[in-house]
Amino acid sequence: MSVTTDVVVAASGITRRYGEGDAAVDALRGVDVQIPSGQVTAVMGPSGTGKVTLMHILAGLDRPTEGHVAIDGRDITEMRDQELTLLRRDHIGFIFQFFNLLPMLTAEENVVLPLRIAGRTPERAWVDEVMTKIGLDDRRHHRPAQLSGGQSQRVAIARALITRPTVMFADEPTGNLDSTTSEEILKLLREAVSSYGQTTLMVTHDPRAAAMADRILFLADGLIVRDQGQSTSQEVLEAMSEVSAQ
């Protein structure tokens, strides 16, 4: 599988089939995609078009029925589970819609948890920099129950950044937040690209979120039907309307 040097995630011929025989359904149908380094790529499309399935396969959380995926030049498709777990630990950061913070840990303890699990000692200067960057330096000793939704998502972003991942995957990062807080979170994701060159792939239904991306992929019926550059929210809405009408 040939991968361009500035591409950190590449997929070719990705098909994901559920069921067998006449009951078989293809959530993805021969998808080819390359995610370039140092950019935010948004994935949009009507519900049920394969957006989350694509993200899970690109992140090594699911395996394709057919096709290949490479992360940082390594084909992950045939990796054994343990090898894949180690690759995700070292190369991938995740941001979830519902934060997935451990309630018994403080904000800072949640942030450094991936390093602890990997047996790595957190670098104090880097932890301090990340906590300051996300604007929670004064909340680092608070537990999730003492944080707002926006603050909890900031912790989740810091947790994803702390390992300096090759690529960060964000699943509806603003889906559980109000409009003002969503705007703050999107600015933070954008700053992660500007400050650290953090490659990010984001699944979203929010045209405002897609508008901060460098590139927008639109899915329909398990295929990428449109690959669009940086756009305004209005242009995203118009594109979604056209895709939905297909």
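Residues numbered from 1 in each chain as written. Predicted model: local features only at pLDDT ≥ 70, side-chain atom pairs only at ≥ 80, totals over all residues. Heavy atoms only, no water.

Peer 1: I would appreciate a short explanation of the overall build of the chain in the present structure.
Peer 2: Along the chain, the regular secondary structure elements total eight helices and ten strands. A globule of 246 residues ought to have a C-alpha radius of gyration of about 18 Å, and the chain, at 18 Å, matches this closely. Across the 246 residues that make up the chain, the buried fraction comes to 51%. In the chain, the proportion of contacts linking residues at least 24 apart, taken out of those at least 6 apart, comes to 65%. (Helix = DSSP H or I, 4+ residues; strand = E, 2+ residues; numbered from the N terminus. Rg over C-alpha atoms; globule rule 2.2 N^0.38 Å. Buried < 20%, exposed > 50% of the residue type's maximum accessible area, 1.4 Å probe, protein only. Contact = heavy atoms within 4.5 Å.)

Peer 1: Could you clarify how one ought to interpret the confidence of the model for the chain in this entry?
Peer 2: Fine structural detail should not be taken from predicted coordinates in areas where pLDDT scores are low. Mean pLDDT over the chain stands at 90; residues scoring 70 or higher make up 98%. Per-residue pLDDT stays below 50 along residues 1-5; that stretch engages in eleven contacts with residues further than four places along the chain or on separate chains. (pLDDT = per-residue confidence, 0-100.)

Peer 1: I tried to follow the sheet that holds strand β7 (residues 167-171) on my own but got confused; where do I start?
Peer 2: Adjacent strands of a sheet form backbone hydrogen bonds with each other and so pair up, either parallel or antiparallel. A sheet is described by the order of its strands in space; here six strands give the open sequence β6-β7-β8-β3-β9-β10, paired in mixed fashion. Looking along the sheet, the strands with just one partner apiece sit at the ends: β6 (92-95) and β10 (223-229). Neighbour-to-neighbour, the strand axes of the sheet open up by a mean angle of 20 degrees, direction not taken into account. In the sheet, β7 pairs with strand β8 (residues 200-203) via four bridges, with the strands oriented parallel. Opposite methionine 168, over in β8, you have threonine 200 as the bridge partner. Across the sheet, helix α2 (residues 81-91) lies against β6 and β7, angled at about 75 degrees from β6, the strand it touches most. Across the sheet, helix α5 (residues 149-161) lies against β6 and β7, angled at about 170 degrees from β6, the strand it touches most. (Pairing = 2+ DSSP bridges. Axes fitted to C-alpha atoms, helices over the stretch in contact; angles between N-to-C directions.)

Peer 1: Which parts of the structure should I look at to understand empty space enclosed by the protein?
Peer 2: Summary: where empty space remains is shown by rolling a probe the size of a single water molecule over the atoms. Applying the stated criterion across every chain yields a total of one cavity of 30 Å³ or more. Size it by volume and the largest cavity reaches roughly 50 Å³. For the largest cavity, the full set of lining residues is Ile57, Gly60, Asp62, Arg63, Pro64, Val69, Ile76, Thr77 and Leu84. Residues that form the lining of the largest cavity fall into these classes: five nonpolar, two polar and two charged. (1 Å grid on protein atoms, 1.4 Å probe; cavity = no way out; pocket = protein on both sides within 12 Å on 5 of 7 lines; lining within 4 Å. Points joined across faces, edges and corners; volume = space filled by probe spheres on them. Nonpolar A, V, L, I, M, F, W, Y, C, P; charged D, E, K, R; others polar.)

Peer 1: Quick question: what am I supposed to make of the side chain of lysine 51 here?
Peer 2: Positionally, lysine 51 belongs in helix α1 (residues 51-58). Despite being buried, lysine 51 has no salt bridge partner; glutamate 172 is the closest side chain of opposite charge, sitting 6.1 Å away. Setting aside chain neighbours within four positions, we find lysine 51 in contact with Val43, Met44, Gly45, Pro46, Val203, His205 and Leu219. (Lys, Arg positive; Asp, Glu negative; His and termini not counted. Salt bridge = Lys/Arg side-chain N within 4 Å of Asp/Glu carboxyl O.)

Peer 1: Sorry, what's going on with the pattern of salt bridges here?
Peer 2: Between side chains of opposite charge, a pair can form when the charged atoms approach closely. Here the structure, examined in full by the defined rule, presents 18 salt bridges. A salt bridge links aspartate 90 to arginine 89; the shortest N-O distance between them is 3.3 Å. For aspartate 90, a relative accessible area of 32% corresponds to the partly exposed category. A salt bridge links arginine 154 to glutamate 184, with the nearest nitrogen and oxygen atoms 3.7 Å apart. Of this pair, arginine 154 sits in helix α5 while glutamate 184 is found in helix α6 (residues 179-196), placing the two residues 30 residues apart along the sequence. The exposure class of arginine 154 is buried, given its relative accessible area of 17%. Judged by relative accessible area, which is 37%, glutamate 184 ranks as partly exposed. Shared partners join several salt bridges into a network, and the residues in it are Glu108, Arg124, Asp128, Asp137 and Arg140.

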